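# Working through the structure, step by step
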Amino acid sequence: VQLQASGGGLVQAGGSLSVSCAASGRTFSRYTMGWFRQAPGKEREFVAGIRWSGIGTLYGDSVKGRFTISRDNAKNTVDLRMNSLKPEDTAVYYCAALGDLVDVTPSRVYYWGKGTQVTVSS
């Protein structure tokens, strides 16, 4: 599976932004998909994940209630809608293919996409 993220950019605090991930490969629908992020000087952290069926999601504590993950298996895409953005959401966001939502540590990721920068100004 090859993953390509897009849609990052610059937004003011309180604003909204969406990032999207396009996947190639016929086995996309078999994977749990997720988004991670990494800010300068910090470790990569889990943001959100969604099971292969689209039923069953998980969010990191810092984004609960503000971010929404969705997927379209027919189009091989997974999207992350980010609302009420804060400066601390500034990071490079990475799309990833996981095994499941039980263990969402970066070491459990099967495939990584190249990141897309999200910058939230105060």
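In short, a report on the structure.

Calculation notes
Residues numbered from 1 in each chain as written. Predicted model: local features only at pLDDT ≥ 70, side-chain atom pairs only at ≥ 80, totals over all residues. Heavy atoms only, no water. Salt bridge = Lys/Arg side-chain N within 4 Å of Asp/Glu carboxyl O. Helix = DSSP H or I, 4+ residues; strand = E, 2+ residues; numbered from the N terminus. Buried < 20%, exposed > 50% of the residue type's maximum accessible area, 1.4 Å probe, protein only. Pairing = 2+ DSSP bridges. Axes fitted to C-alpha atoms, helices over the stretch in contact; angles between N-to-C directions.

### Comments concerning the pattern of salt bridges
The full count for this structure, using the stated rule, is five salt bridges. Of the charged contacts in the structure, one is a salt bridge between Asp-89 and Arg-37, with a shortest N-O distance of 2.9 Å. Within this pair, whereas Asp-89 is found in the loop between strand E8 (77-82) and strand E9 (91-98), its partner Arg-37 is found in strand E4 (residues 32-38), the two being separated by 52 residues in sequence. In terms of burial, Asp-89 and Arg-37 fall into one category: buried. Arg-66 is the salt-bridge partner of Asp-89, the closest N and O atoms lying 2.8 Å from each other. Linking Asp-89 in the loop between E8 and E9 with Arg-66 in the loop between strand E6 (57-59) and strand E7 (67-72), this pair joins segments that are 23 residues apart in sequence. Considered together, Asp-89 and Arg-66 belong to a single accessibility category, that of buried residues. Through salt bridges that share partners, Arg-37, Glu-45, Arg-66 and Asp-89 make up one connected network.

### Looking at the sheet that holds strand E3 (residues 17-24)
What the four strands build is an open sheet, ordered E1-E3-E8-E7; its pairing is antiparallel. Strands at the two margins of the open sheet, each flanked by one partner only, are strand E1 (2-6) and E7. Between one strand axis and the next, the sheet turns through 15 degrees on average, direction left out of account. In the sheet, E1 pairs with E3 via five bridges, with the strands oriented antiparallel. Paired with Ala-5 across the bridge in E3 is Cys-21.

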